[in-house]
Structures are given as structure tokens and as C-alpha cells.
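Observations on the three-dimensional arrangement
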Amino acid sequence: MTCELVTPTRRAVLGASGALFAWAFIPRFAHAAGGRDPRFITIILRGALDGLTAVPPVGDPDYESLRQSIAMTTNGPNAALPLDGFFALHPSMPNFNRLYRAGQAAVVHANATSYRDRSHFDGQDVLESGYEAPGRVDSGWLNRMLEGLPQGDKVASGGSNLRGLAVGANAPLVIRGKAPVLGWSPSSLQPVSADLPPRLMDLYTHTDPLFANILAEGIATGKIAAGVDVKARGGPGDPAGMEQMARGAARLLAQDDGPRVAALAFEGWDTHAGEIGRLTRLLTGLDNSLAAFEQELGPSWKDTAIVVATEFGRTARINGTDGTDHGTGTAAFLAGGAIKGGRVIADWPGLKQPQLRDGRDLAATTDLRAVIKGIAVDLLGASPATLARDVFPGSGFVAPMKGLIA
Amino acid sequence: MTQPSNDVYAAIALSRFGLGADSNGIAAIGSDPRGALREEITERFAPVPVGVELKPTSDLLVALYDFQEQRKELRAQPVAVAAPPVTANPGLQPAMSGGDMKAGQPSAVPKTMASPPPAAAPYLPQQVFLAEVDARFNGTIHQPLIGFGERLAMFWANHFAVSTSSGEEVHILAGAFEREAIRPHVFGRFSDMLLAVETHPAMLTFLDNRQSIGPDSKANAKGKRGLNENLARETLELHTLGVDGGYTQADVTTLARIITGWTVVRDQSPLGASGTFAFNANAHEPGDQTLLGLTYADNGFGQGREALHDLSHHPATARHIATKLVRHFVSDMPPPALVQKLSATFTKTDGDLSAVYLALLGSDEAWDTKLVKIRSPLEFVIALLRASGEKPKPNVIVSALAAMGQPFWAPSGPNGFPDTVDAWASGQGLSTRMDVANMIANAVPSQVDPRRFVSDSLGPLLSEETLQAVSRAETRSQGLAIAYLSPEFQRR
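Below: a short report on this structure. Bear in mind the structure is a predicted one, so any value in this text is a computation, not a measurement.

A closer look at the overall build of chain B
The secondary structure content of chain B amounts to 22 helices and four strands. A compact globule built from 492 residues would reach a C-alpha radius of gyration of about 23 Å, and chain B, at 25 Å, matches this within 12%. Along the first, second and third principal axes, the C-alpha atoms of chain B reach 75 × 75 × 35 Å. A total of 492 residues make up chain B; the buried ones form 57% of that total. Surface summary for chain B: the accessible area is close to 20,000 Å², and the carbon and sulfur share equals 54%. Counting 42 positive and 51 negative side-chain charges, chain B places the averaged centre of each group 3 Å from the other.

Quick look at the structure:
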């Protein structure tokens, strides 16, 4: 079914208010930071990306034994792409590899937010809200960062300074808040995620034989897709859908008077089983999205920084179903012409049993907030004091990481 | 097993007898769920849909007849010059116009528009139908705390089913029929509802009684016309006695004769105002009639009214109604003792429906904590809308229900939609439920925490497995979709 709910979403509210034609008032806030007119994009990967598959530490002597059947290698079929001799890159990311070689992409490995538990919702809450702990906040760090940025000379007085762009059926929490945000969504963002039927099957099998039977019947007759091998359907958990979201966002950001900051959320990264095939699809989608940004942003690409982050990582050890469970440390991707790239930034904690967090997770050695703060200061001209107080409350001890911006 | 708490009864009251929890969850009725349910009966709370387009039957029919005349005249005219194409205002093209950009084309290279077809005049019956849908799904279903009255309105409208697909009159009248013939009587007497239904223009049209002419009546002086047994048959088989109610073909024919002349005025006439029910004595079959062993003197309309009154008090009718109520609310296999109890209450109280419901709610079977029924698509959609607070456009709801196999006010026959688990438990059905659940889950503001949602709205019915599946979902909207599709949410 493709019918669309019409609800008073942000999208509809903006459409009705007339504020959408307020582009002329968009601030050139970043003139404050080195004369650039920058673009800052945050991509949230929902479901907890396995950083050890996306950016495998092939040089770590313990990696292969932990990962066994899903260990990546730099030779043989599906060889990972070597990055710096220690880390390699998943082979389904050729565009990121090219940007890395061109000095326009970097990886931050073994990072995490301040969250150390294993609930997706709470992890996403912390990642996106910017608060130390999960809570029921209704604004995200990106929005509060927008509020605190120095305003450019084109800002109209009053509240019409639309500066952020939220992509997707729902505005990601990271960009929700007081600062006005424009919502945009490709029209095809309604399909059921391929992940839903297997989750329901698991539930029904344990609780309701009748529903288990009819779900099985639906799958057997092709009425319901069986799961991960479903064909592209165009949602945020699907490679084609990701690229579509990225391309649309980039075209808006590329406009002279368009928004300067955007948030997207891609789904489907919860790889408890059959991780290799699944990440191959998803990382392809992410990689193509980065290429789409590069293409569509055109001349603005040189002033662009993209941060790709996820709520937490996964267990260092493979589980019993060729996948991994919820863990801690993971990898973040940085891309864009403004990024001082060509490197993997990591204070590598090691993968020996005592080095693992709780004996199971890649330990986190880099605070993701330091990375975001670093970009915010050097690219957008944000003040460290505002970042510590309003954007990431209580994070005064986390210094902005220096040298991320070229 | 511990003694069920009031919370269990609150959850059951909402799911089995109501429309599902709204955003306040089950806590809203937690302290005295049975009392709250009884109160909806004593207060006779069946909200009535309202809206500017929701007019009485006669007004709607007059408007329809005018509409039909105009259409006839238009068709009679020679082909008119095509209306000039509607040009989109270029100022509304860029970026966010209308808030809904198509297929990832934000840079909005305006496509050369092929000249669009001239805007068709709104199709009046559908316009009214959608207004009725809107009033109900975005209005009445959100009003009650529990919604037993609304459930009963749905139950009785399905018992006395008409179908919008049968023609323009029923298409425009289905809502008015329910507002006028069903809702006022859901807590009243069955005999009053029966008479209101069988004299309503929607039913008289749907089951062809307008065309039925007494063979020996004045209107049939030329001897070419005759009886149409449709309404009489369904009155006996579906509306009162039931298919095994002990009537014969002769009874069908007799009842058909008895109700000849029950019709609807199309144009102002001595019979009455256009669009109203009328008894046309000229079309009425003269003479006394014997139905189920009782003889009814020919006193015009009174002959049919008395026959319906007796049918509504027949023991077979009591049993038929009791069985259907128990099947609907309790189990596909109605416990005979409970049916007997309701049937006896029906008979003892002259068909006082509130007394019958109270007897039902006073039974242990009604409160069994095992959820054995499955929400029909209509009930499922309503539960979703209540739980989420979403208010989609009526055409979205209409297409969702059609996709789920329960097109609104359009069952395939006068027997209405089925009321058993088998009918709705299919792979196809689940597939469309997934789509609809997903659509709603995506529309819900993403700060809603699905873990909290399931525990608030399902309370003690929530299983550990469902809570875990919801908690483990990758996104909040996926968590909500799992909550909506959980057995506890789909069953009642």
C-alpha cells in the first residue's frame, strides 16, 4: 500500500506556514569560520553498526579468531580494501575508499557516546540528544548547535531563519528542537523494513502459533517478504532508499540559499544474524549516499563535512548465527572536502580478552562528542563553551578534537 | 496463577468490549473497569457522527436526485469545449511546495505538465461517504473512554448490513442509515431498531422493496408486476429468526406481501415529500396474511409493523441475536449456556438490548483472560488510530480497509462481514496489517517510546516476549510496528 498518512508532521506544518519561502533569510553563519560557506551533515545509522566489519582491524592478531567465519581479510574473494596497513575497509565502500585516498575521508575507530548499555532506543537517545544519559528529551544536539551558532548577516530578525534540514518520514531526534527545521522526505519512505517479518516470526513462534502459521503462509505465498534478501523497496533501510534520501538532501543543501545543516537516519544495522550479506547491502547504500552527496553538492563539497555515527557497536566475538550482538565501541565515518582525511583516527584498545569491555565488546577509547565538537568549532565556528553547556550538556571534560578540518 | 487484577479487566474492557486504549492507556479506567463499562450502557453512550455534509436521509436523497438530473442534462448536451487546463502556480513549485515532494526530486526541475484532465465535479455520493468516514474515524471513535456503544453500532450496522456498492442511493445513505436507524437504538429495544431499519430508505433500496408490488394491488392493475422477496427473505433469515429459525418459503412470500407498499418517495407526490419513507397503499397487497401461524389483518402499514413486532419477539430471534452477540464478543464457538442466558434475558425483557448486554457482561465467560478472538480489520484500524492518536484523511482509511478485506460499508452481501477468527487470519490479511501498522508507526511522533506504549496500552495482557521484541527493535517506529502487530494487540 502506498497511501500516505497526512498528519500534522513538521513537514506539513512548514508547508502550511509559508515559512518554506524564507530561504533568503538563511544565515551564512559559517562566514565566522574561515570564510567558508560550509555544509554539515549527520547520518545516523540505526541499529548499531559493527565497526569491526565495516573497518576491520586486519592487523590485530586477535581479530580473525574472534570473528571466525565473518572475519574480513585483504586477500581472496571479497577482500577488504587496505587503508593504513592495520585497518582495512569493507569492500562494498569503493567511494569512501576513493575519498580516503584523496584525503577527503577518515575513520574514527573504537569510539562511543557516553552510553554503555545495550538498548537501541536509549543508545539512539544519547547519541542524538547529546545528553549524558537517556531521558525523554525532545531536542537533539544538532538543533541546539544551530541555535547557538553565530548568525550571519542575512538572518532576518524574528523566527524565520530556517537552517536545518531533516530527511525522512520522521525528523531524527538529533535535529529536532527549537531552531526551525525543514522536513523533506522522498515519497517512497513507507515500506515495511525487511527486518520486521523475521522479528515478528520470532515473536509469534514463541507466543502465538496461529499468527506464526499465517505469517509463514504469507511468506510462503510471497505476500510477505521473508526478510533480509528482500528486493530493493526504497526505504531508509534499503540501499536505493538511502541514496535517494542523500541525493534529495544534497540538492537542497547545494542551493545558494538552501539549508546548511542536515540530518538523515538510515536503518537496518542490527546484524544479529547473517551479518556479512546484510552489511554488504547496507554499506553499499551508505557508500552510494556519500557519492551522491559529493556529486550533488558540486562546488560546495569542498566545504562539506559528513559525520556518520551509530548508537553503539557490537560484540567483538561472533555469535552462533554468523552475526554479532549489542556491544560498545564502533567506527564512525567522516567524509567531505572539508575533512582532513586519509587516516584512521584510533587509540586502538586491542582485542585480547582482558582488553575487551566486559570481556565482550570493543572498548571505546574516543568520545564521539570530541569528534563532533572538533568539527563544530573548526568548520562552523561554534564556541566550545556553548558546546559544553548547551549542545552536549555536562561535557566540559571532553575537549574538541583538533585537526579534523582541512 | 494470581487473581486477575482490575488492570486485567481494564485491558479486557478496552480490547474486547471497546475500541482499544487511547493514548492514556488502560490506566484511564483502571480503578473500576466493569463499572466504567456499565456506565457506558446506563448513559447510553453511542456518539453520533456530526458534520456539515452529514444530513438527514431525505435531504441527501433530494440532493442525489438533483445531482442525477444535472448529470442527465449534461450528458444530453453536445460535447462541450474542454475546460482550460489548470496551470500550476510556478511560485508554488520550488522545494517544499505542499510539503510533499515527489520521488526525490528536490531540485524541482518543473516537469512539463501534460494538460491535466478537466477537474471532474465531485461525485456527490462519494463526497458524502467520505464525510461520514471522516466524522467517524476522526471524531466519534476518539470520544468514548471505552467505546462499547461504538462497537455496538458497528455490530448492529453489520447485522443489518447495507452496501455502498449496490448503487448511488445506498452509497450516499449508508452513513445516514447508521445514524438514523442503528445508533439511536443500540441501547434500546430490538423491535424499535428492527422497525427503523426495515422502513429506512437505505434498506428498502438495498433489498429491492421499492420495486415490490402486490400482485393484486391497484398499482398492478395491468397485471405485469409483482413481488420482490428480497427484503422479506433477509428479514427472516438474517435480521430476525436466523437461517434455522423455522420459517418456510411460504412465510417468505407472505412477509413479502405484507410489506408491499413500503417504499421511498422519489419526487414530491401525494405519498409525501421526496426522499422520505412512505406506505403506498396502492402497491400494497390487499387481504389478511398468515405468517408463522399468526394472522395479520389488512390494516395497511400496521400489518407489517405488527408482523415485525412479533418477529422481533420470536424465540428464534432471541436465540439468533444472543448467538451473534456471544460470537462477536466472546468466542467463535459460543458457549451454549451463555447463549441461553442472553436469549432468556432478551425474551424476558421484551428485547431490551441494554439488559442483554448487562447479562453478557455479568458472565464469567465475558471476562476470560484468554484472548481468543482476532480484531477484524475495522476494529484493528480503529484500535491503531486510538492508540496512536493519528487522524488520517478519510480516503486513506477507506483504502486501508479495502486492502485489508473489509471495505467500509461494503460487504459483498446482506449477511455483512464474517465474525470469526478464520475469516481474518490469513497470510494476505497479515500482510496488509503489516503495511497499515507500519504506516501508522511511521506517522507517530518519534519521541513516543514503544516500550512504554505497549505496557501502557496492553497492561497485564502484555507478554514478556512481546515486551522484549519491542525493546529489541532497531528503531522506535519498528518497535511500535511490532507492538501493533503483537498477538496481544491483534487479539481481543
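Once the structure has been displayed, the description carries forward.
Topic: helix 15 (residues 377-388) of chain B
Given 3.6 residues per turn, any residue in an α-helix points the same way as the ones three and four places further on. Residue and element names in this part refer to chain B. Given a rise of 1.5 Å per residue, twelve residues ought to cover 16 Å, and the 16 Å separating the end C-alpha atoms of helix 15 matches this to within 8%. Taken across its twelve residues, helix 15 has twelve buried, putting it largely inside the fold. Listing the buried residues of helix 15 in full gives Pro377, Leu378, Glu379, Phe380, Val381, Ile382, Ala383, Leu384, Leu385, Arg386, Ala387 and Ser388. A positive phi of about 75° marks Gly389, the residue just after helix 15.

Section: the environment of B:Ala441
Residue and element names in this part refer to chain B. By secondary structure assignment, the location of Ala441 is in helix 18 (residues 427-443). Remark: the alpha-carbon pair of Ala441 and Glu390, spanning 51 residues in sequence, is separated by 9.7 Å. Excluding anything up to four places from it in sequence, Ala441 contacts Ser477, Leu480, Ala481 and Tyr484.

Description of unusual backbone geometry
Backbone geometry at A:Asn78 places phi at a positive 55°, although glycine is not the residue there. Assignment of secondary structure puts A:Asn78 in the loop between helix 3 (63-67) and strand 2 (81-82). Despite not being glycine, B:Trp409 shows a phi value in the positive range, around 55°. One can find B:Trp409 in the loop between helix 16 (394-403) and helix 17 (421-424). The exposure class of B:Trp409 is buried, given its relative accessible area of 11%.

A closer look at the pattern of salt bridges
Residues and elements named next belong to chain A. On inspection of all chains with the given rule, the structure shows 40 salt bridges over all chains. Close ionic contact of Asp37 with Arg260 constitutes a salt bridge, the shortest N to O distance being 2.7 Å. Within this pair, whereas Asp37 is found in the loop between helix 1 (10-17) and strand 1 (39-46), its partner Arg260 is found in the loop between helix 9 (239-254) and strand 7 (261-267), the two being separated by 223 residues in sequence. Accessibility assignment for this pair places Asp37 and Arg260 in one class, buried. For Asp358, the salt bridge goes to Arg118, with nearest N and O atoms at 3.4 Å. Of this pair, Asp358 sits in the loop between strand 10 (343-345) and strand 11 (366-367) while Arg118 sits in the loop between strand 4 (105-112) and helix 5 (120-129), and the two are 240 residues apart along the sequence. A residue is classified by how much of its surface remains accessible, and Asp358, at 54% relative accessible area, is exposed.

As for the nonpolar core
Counting residues in each nonpolar core, the largest one holds 145 residues, and the members touching the most others are B:Phe17, B:Phe148, B:Trp156, B:Phe160, B:Tyr357 and B:Tyr484. A:Leu253, A:Leu282, A:Leu290 and A:Phe333 belong to the second-largest nonpolar core, a separate cluster that totals 58 residues.

Points about the side chain of A:Asp238
Residue and element names in this part refer to chain A. By the element assignment, Asp238 lies in the loop between helix 8 (209-220) and helix 9. Here the side chain of Asp238 touches Ala240 through a polar contact of 2.9 Å, landing on its backbone nitrogen. Looking at Asp238, its side chain comes within polar contact range of the side chain of Arg281, at 3.5 Å.

Reading guide: rules and limits
- Residues numbered from 1 in each chain as written.
- Chains lettered and ligands numbered in written order.
- Predicted model: local features only at pLDDT ≥ 70, side-chain atom pairs only at ≥ 80, totals over all residues.
- Heavy atoms only, no water.
- Helix = DSSP H or I, 4+ residues; strand = E, 2+ residues; numbered from the N terminus.
- Rg over C-alpha atoms; globule rule 2.2 N^0.38 Å.
- Buried < 20%, exposed > 50% of the residue type's maximum accessible area, 1.4 Å probe, protein only.
- Areas by Shrake-Rupley, 256 points an atom, 1.4 Å probe, with all protein chains shown as cover.
- Lys, Arg positive; Asp, Glu negative; His and termini not counted.
- Charge placed at Lys NZ, Arg CZ, Asp CG, Glu CD.
- Expected span 1.5 Å × (residues − 1).
- Contact = heavy atoms within 4.5 Å.
- Salt bridge = Lys/Arg side-chain N within 4 Å of Asp/Glu carboxyl O.
- Core = buried A, V, L, I, M, F, W, Y, C linked by side-chain atoms within 4.5 Å.
- Polar contact = N/O pair within 3.5 Å; in protein donor to acceptor, adjacent residues only side chain to side chain.

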